[in-house]
Amino acid sequence: MNNLQLQLLDPLTDNAGILIKALQDRKTWGAEQKGLLEQLIHMLGRKQYITLVGHPARYNLTQIGQSCLMDVPTNKRGHLSAFRGMRIRLVCVSSGRSDRQLMAGIFQ
């Protein structure tokens, strides 16, 4: 089973979700959006989210601000193995040529 089959829609109703929604609704990329992204990264760091590098084909997150929820299988290996059996939020916080920097943490 790949990660795409495990993804769920992120409701974006908590404090981090409000910042994610603002990034998703952006029309341009400027100082205001960079500030929102810095706030989001800081907030997720305080919530003990981990940072990982992933490929867009594996996680289906391609743009900064995209997010999803995921139920991590109990036999998961790799970066997300710390979250086995839990529901997590994945957020794209940086995009590169072929990889994306993601942050993952437990979703309550």
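Everything here concerns the structure above.
Computed from a predicted structure; not experimentally measured.

Caption draft 1: Spatial organisation of the nonpolar core. Grouped together as the largest cluster of nonpolar side chains are 15 residues, with contacts concentrated most on Leu40, Leu44 and Val91. Those elements that provide at least two residues to this core are helix H2 (15–24), helix H3 (31–46) and strand S4 (87–95). With five residues, H3 is the single largest residue contributor to this core. Core analysis: the next-biggest nonpolar cluster, separate from the first, contains 14 residues, Tyr59, Cys68, Leu90 and Leu102 among them.

Caption draft 2: Geometry of H3. Look at H3: 23 Å from first C-alpha to last across 16 residues, which is about the 22 Å you get at 1.5 Å a residue. Within the span of H3, buried status applies to Gln33, Leu36, Leu37, Leu40, Met43 and Leu44. Down the axis of H3, the sector holding all buried residues measures 130°, keeping them to one side. Exposed and facing more than 90 degrees away from the buried side of H3 are Ala31, Glu38, His42 and Arg46. Structurally, H3 contributes buried residues whose contacts are with H2, S4 and strand S5 (100–106). Directly after H3, the chain includes Gln48, whose backbone phi takes a positive value near 65°.

Caption draft 3: Representation of the sheet that holds strand S1 (residues 7–8). The sheet built from five strands is open, its strands ordered S1-S3-S4-S5-S2 with antiparallel pairing. Two strands in the sheet have a free side with no partner beyond their single neighbour: S1 and strand S2 (50–54). Examined bridge by bridge, S2 and S5 share five bridges and lie antiparallel to one another. When the bridges of S5 are listed, Thr51 appears paired with Met103. Helix-sheet contacts for H2 involve strand S3 (67–71) and S4, and the interaxial angle to S4 is about 40°. Along the sheet, H3 makes contact with S4 and S5, crossing S4 at roughly 145°.

Caption draft 4: Looking closely at the side chain of Arg100. Along the chain, the position of Arg100 falls in strand S5. One buried charge, Arg100, has no salt-bridge partner; the nearest side chain with opposite charge is Asp99, at 6.7 Å. Those residues in contact with Arg100 that lie beyond four places of it in its chain are Leu52, Val53, Gly54, Pro56, Leu61, Thr62, Cys92, Ser94 and Ser95.

Criteria and cut-off values
- Residues numbered from 1 in each chain as written.
- Predicted model: local features only at pLDDT ≥ 70, side-chain atom pairs only at ≥ 80, totals over all residues.
- Heavy atoms only, no water.
- Core = buried A, V, L, I, M, F, W, Y, C linked by side-chain atoms within 4.5 Å.
- Buried < 20%, exposed > 50% of the residue type's maximum accessible area, 1.4 Å probe, protein only.
- Helix = DSSP H or I, 4+ residues; strand = E, 2+ residues; numbered from the N terminus.
- Expected span 1.5 Å × (residues − 1).
- Arc of directions from axis to C-beta.
- Contact = heavy atoms within 4.5 Å.
- Pairing = 2+ DSSP bridges.
- Axes fitted to C-alpha atoms, helices over the stretch in contact; angles between N-to-C directions.
- Lys, Arg positive; Asp, Glu negative; His and termini not counted.
- Salt bridge = Lys/Arg side-chain N within 4 Å of Asp/Glu carboxyl O.

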